[in-house]
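What the coordinates show
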Amino acid sequence: MTAPQLPLARAALLAPDAALSPYTGYTRSHWEAAADRLLAGLLPYATPHFAQFRLPGRTGHAGAWSDGLEGYARSFLLAACRIAGAAGRDAPGSSLISDLIERYASGLAAGTDPRHPKHWPPITDGSQSMVEAASIAIALHETRPWLWEHLDERVQHNTAVWLGGFVGAKANDSNWRLFQVVVEEFLASVDAPHSRAEIDAGLARLEDWYRGGGWYTDGAGQKFDYYNALALHLYPALWARIAGPRADAGLVEVHRERLRAFVDVHQHFFGADGAPVHQGRSLTYRYATAAPLWVAALADANPLSPGRTRRLASGALKHFTDRGVPGEDGLLTLGWYRPYLPATQAYSGPASPYWASKAFLGLLLDADHPVWTAQEEPGPVDSEDQVVSLPAPGWLLHSTAADGIVRLVNHGSDRQPPPPSTLPESPHYTRFAYSSATAPQTPPDAVPAVADNHIWAGSAVGTATRRGRIHPLYCQGDLAASWHSASTLADDTDAVISTVSVVHGPWEMRLHRVETEHAVTIRESGWAVAEDHPVVAGETGDGWALARRSDGLTTVVAGLLGWESAGRPDAAGFVRGEGLNAFGRHSAVPLLTTSVAGVRMLVTLVVLTRDPTIRDDPQALHHGARAEIGEDQELVLTFPDGAQRHVTPELLMLSEGSNAPPA
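Heads up: these notes are all about the structure in this document. (Residues numbered from 1 in each chain as written. Predicted model: local features only at pLDDT ≥ 70, side-chain atom pairs only at ≥ 80, totals over all residues. Heavy atoms only, no water.)

**Some remarks on the overall build of the protein**
What the protein contains, in helices and strands, is 18 helices and 20 strands. Here the C-alpha atoms of the protein give a radius of gyration of 25 Å, agreeing with the 26 Å that 2.2 N^0.38 yields for 663 residues. The principal-axis extent of the C-alpha atoms belonging to the protein is close to 80 × 50 × 45 Å. When burial is assessed residue by residue, the protein has 61% of its 663 residues classed as buried. Of the contacts formed within the protein by residues at least 6 apart in sequence, a portion of 68% connects residues at least 24 apart. If you sum the accessible surface of the protein, you get close to 23,000 Å²; carbon and sulfur atoms cover 53% of it. If the 52 positive side-chain charges of the protein are averaged to one point and the 72 negative ones to another, these points end up 4 Å apart. (Helix = DSSP H or I, 4+ residues; strand = E, 2+ residues; numbered from the N terminus. Rg over C-alpha atoms; globule rule 2.2 N^0.38 Å. Buried < 20%, exposed > 50% of the residue type's maximum accessible area, 1.4 Å probe, protein only. Contact = heavy atoms within 4.5 Å. Areas by Shrake-Rupley, 256 points an atom, 1.4 Å probe, with all protein chains shown as cover. Lys, Arg positive; Asp, Glu negative; His and termini not counted. Charge placed at Lys NZ, Arg CZ, Asp CG, Glu CD.)

Structural data, given as structure tokens:
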């Protein structure tokens, strides 16, 4: 089956409304058009009676049968937002809403009928069906007056039986516990068998993962990422909508206040062009990162003004629409802008990207709600430079208004479970920095590549030691610190590296204390800049290296202290790659090299900018930057714009087991 060629997303063809939306031009009509476009693109891949959507692409680890269910469930959530947002009514001269109701009612009847040839896989312990059941339960609740209440008793019974597979089943001990919560709460709402104890246990498990400041880890360990936005705050809020008066009012208020705290910092993750910071897994869900902005409004827990809420959410949708997402065939693909499998996870099948449907939860708000009628207001990065410290995940966010880029400095999230278990390192978690304008190098399996935003020990450029488990030390103001064992194997330590990051404007200074028992080669890299243009420029000088994209996005890494080999031919350079980055086919990473034996302090300046006032002059990007030992052994840092920061010895002598006080 081949999908027809379709025009560009209708959202891109609608005239922008510059008066109501001066930043994005997008209105509710643009969101509705984008939803309609996505739903229409799926139709050629529907099985008879619409129980499954079998999309082209790599099969997910759960298999094609599960992938077909995923296509139904995730698009049903999108259809539900469209149906409920229209109050189940068609626009004059249109049957779009009626068609959606009929289509997904038909799929529900076929999918839950065990005799139908395209019925759904059952819900069993740890099965992918658990994930998809949650979307179906939420969609059924939100469309209850127009779909569920009009189903015949046989379909209602079969649906309750299929969803009831959750009762007594064991979910993965992560955000999956919340799938069980929402599904069984829906079963309770239709007087079907369920377990109140399992609902309560899932909600209680969430308490174990709360780390403060609105942040949860996704299960035990340091697993901080967008699952805070996609699941850990979202499902409790949607559970409360399903539960209604059955929900404990005190617990609902706790969830509401945590959501408020989270959204208050989540707003800082979006660049001026609408791009979310590229960190963590499941990034193929793209603008689903906007979901908690809408959910906070739905839950009466929004710390943002209505105009800022829409500016940020619409900015994310517009960012991808402007870059060809979805494609000409109307489909979302496994990738970021273009298809790119190395940046995805094995569990993702061809319909997985349709968790992007969560971005459309704003359509559940009435058309006259202030988030749709208020004039757009600037986001944080639109107005001024920002530095935000997030102690729970161990992150610093620093953004610059001149180029609209948001940068995330990472001293906490590694997706490693608690000791002694050690998983393979993920470039989406263990790099020192991420941004809204770049992606980490994610090479295909077995392809060697220079890691970006990384410091490593060893002799071979393409075989970096792992950062592995990150041990957070502190995060406050404009500083954050951690230590890690740099090793090629879990039990083979080449060096212990403690790092303090100090941020200012587009710059980060990394202060490394390297401890090693024998001489090792140390390399440190800057950002990876990537594009489809065949040549990414690079330059080198005395102790510095630069990589630049054709649109001016530039990264520089410069050695300020301890890089004794600066000036040697191999001391500063850049490495180009092809097929290694989700942002483009061609990429480049600048890096420094030195040799260390014993203990040494290294200070490195790293910059990422699109600001034309400094990017076009490599010297302006690092000239004047200094790191000097001052009185009382404090380190005096001078940034290229003349700003200074003093770092005390107590904050520098960091190593395993240390507990440095905050600055």
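What follows continues from the structure just given.
**Here we look at the pairing of strand β4 (residues 395-400)**
For β4, a buried count of six out of six residues is recorded, marking the element as mostly surrounded by other parts of the structure. Of the two faces of β4, the one lined by Trp395, Leu397 and Ser399 and the one lined by Leu396, His398 and Thr400 are each fully buried. Across five bridges, strand β3 (residues 386-390) lies against β4 in antiparallel orientation. Its bridge partner being in β4, Gln386 is matched across the sheet by Ser399. Turn length for the β3-β4 hairpin, with the two strands adjacent in sequence and antiparallel, is four residues, and the turn residue Gly394 shows positive phi of about 75°. Bridge analysis of β4 against strand β5 (residues 405-410) gives six bridges, and the strand direction is antiparallel. (Pairing = 2+ DSSP bridges.)

**A few points about the pairing of β5**
Burial runs high along β5: six of the six residues are buried. In β5, alternate side chains face the same way, and those of Ile405, Arg407 and Val409 on one face and Val406, Leu408 and Asn410 on the other are all buried. Here β4 hands over to β5 after four residues, with Gly404 in that stretch at a positive phi of 70°. Direction of pairing for β5 relative to strand β6 (residues 433-435): antiparallel, over a ladder of three bridges.

**Notes on unusual backbone geometry**
Of note, the amide linkage connecting Val325 to Pro326 takes the cis form, showing an omega dihedral of 0°. On the secondary structure map, Pro326 appears in the loop between α13 (306-321) and α14 (370-373).

**Points about the side chain of His141**
Among the structural elements, His141 can be located in helix α5 (residues 129-142). On the basis of relative accessible area, His141 is assigned to the buried category, the value being 17%. Reaching out from His141, the side chain makes a polar contact with the side chain of Arg144 at a distance of 3.0 Å. Within the structure, the side chain of His141 is placed 3.2 Å from the backbone oxygen of Arg241, a separation counted as a polar contact. (Polar contact = N/O pair within 3.5 Å; in protein donor to acceptor, adjacent residues only side chain to side chain.)

**Some points on the packing of aromatic side chains**
A complete count under the given rule lists 28 aromatic pairs for this structure. Taken together, a centroid distance of 5.3 Å and an interplanar angle of 5° make the contact between Phe76 and Tyr104 stacked. On the criterion of sequence distance, the pair formed by Phe76 in helix α3 (residues 64-85) and Tyr104 in helix α4 (residues 96-111) is long-range, its members being 28 residues apart. For the pair Phe76 and Tyr104, one class covers both residues: buried. Here the aromatic rings of Phe320 and Trp336 are separated by 4.9 Å at their centres, their planes lie at 80°, and the arrangement is edge-to-face. Here Phe320, found in helix α13, pairs with Trp336, found in the loop between α13 and α14; they are 16 residues apart in sequence, far enough to count as distant. Judged by relative accessible area, Trp336 falls into the buried class, the value being 1%. (Phe/Tyr/Trp six-rings, centres within 6.5 Å; stacked < 30°, edge-to-face > 60°.)

**Observations regarding the pattern of salt bridges**
Under the definition given, this model contains 30 salt bridges. Taking the shortest distance from any N to any O, the salt bridge between Asp225 and Arg281 comes out at 3.8 Å. Residue Asp225 is located in the loop between β2 (215-216) and α9 (227-232), and its partner Arg281 is located in the loop between α11 (249-266) and α12 (291-298); the two are separated by 56 residues in the primary sequence. Between Arg256 and Glu253 there is a salt bridge, with the nearest N and O atoms lying 2.5 Å from each other. Within this pair, Arg256 and its partner Glu253 are both found in helix α11, separated by three residues, close to a single helical turn. Glu253 sits in the partly exposed class, given a relative accessible area of 33%. (Salt bridge = Lys/Arg side-chain N within 4 Å of Asp/Glu carboxyl O.)

**Re the nonpolar core**
Nonpolar side chains in soluble globular proteins tend to end up buried together. In this structure, Ile136, Tyr235, Trp239, Phe269, Tyr287 and Phe360 are the most contacted members of the largest nonpolar core, which totals 143 residues. Per-element tally for this core: the top contributor is α3, with 11 residues. Those residues in contact with Tyr287 that lie beyond four places of it in its chain are Leu38, Ala316, Leu317, Phe320, Leu332, Ala356, Ala359 and Phe360. The next biggest cluster of nonpolar side chains, apart from the first, holds 29 residues, and it includes Trp544, Val556, Val607 and Ile614. (Core = buried A, V, L, I, M, F, W, Y, C linked by side-chain atoms within 4.5 Å.)

**Comments concerning the sheet that holds β4**
Judged by pairing direction, the sheet is antiparallel, and its four strands sit side by side in the order β3-β4-β5-β6 without closing on themselves. Only two strands of the sheet have a single partner each, and these edge strands are β3 and β6. Adjacent strand axes in the sheet meet at a mean angle of 20° when their direction is disregarded. (Axes fitted to C-alpha atoms, helices over the stretch in contact; angles between N-to-C directions.)

**A few points about the packing of α11 against α12**
Contact geometry for α11 and α12: axes closest at 10 Å, N-to-C directions at 140°. Judged by the inter-axis angle, α11 sits oblique to α12. Crossing of α11 against α12: the hand is left-handed. On α12, the residues that touch Leu259, Phe262, Val263 and His266 of α11 are Pro292, Leu293, Val295 and Ala296. Taken together, the residues of the contact of α11 with α12 break down into seven nonpolar, one polar and no charged. (Parallel < 35°, antiparallel > 145°, perpendicular 65-115°, else oblique. Left-handed = near helix turned anticlockwise from the far one by under 90°. Nonpolar A, V, L, I, M, F, W, Y, C, P; charged D, E, K, R; others polar.)

**Section: the environment of Asp99**
Secondary-structure assignment places Asp99 in helix α4. Since its relative accessible area comes to 35%, Asp99 is described here as partly exposed. Placed 329 residues apart in sequence, Asp99 and His428 show a C-alpha to C-alpha distance of 40 Å.

**As for the side chain of Asn302**
For Asn302, the position within the fold is in the loop between α12 and α13. At 2.9 Å, the side chain of Asn302 and the side chain of Thr309 are in polar contact. Once residues lying within four places of it in the same chain are set aside, the contact partners of Asn302 are Arg260, Val263, Leu293, Ala296, Ala297 and Thr309.

**So, the environment of Val131**
Among the secondary structure elements, Val131 is positioned in helix α5. With a relative accessible area of 4%, Val131 lands in the buried category. Between the alpha carbons of Val131 and Leu178 there is a distance of 9.4 Å; along the sequence they are 47 residues apart.

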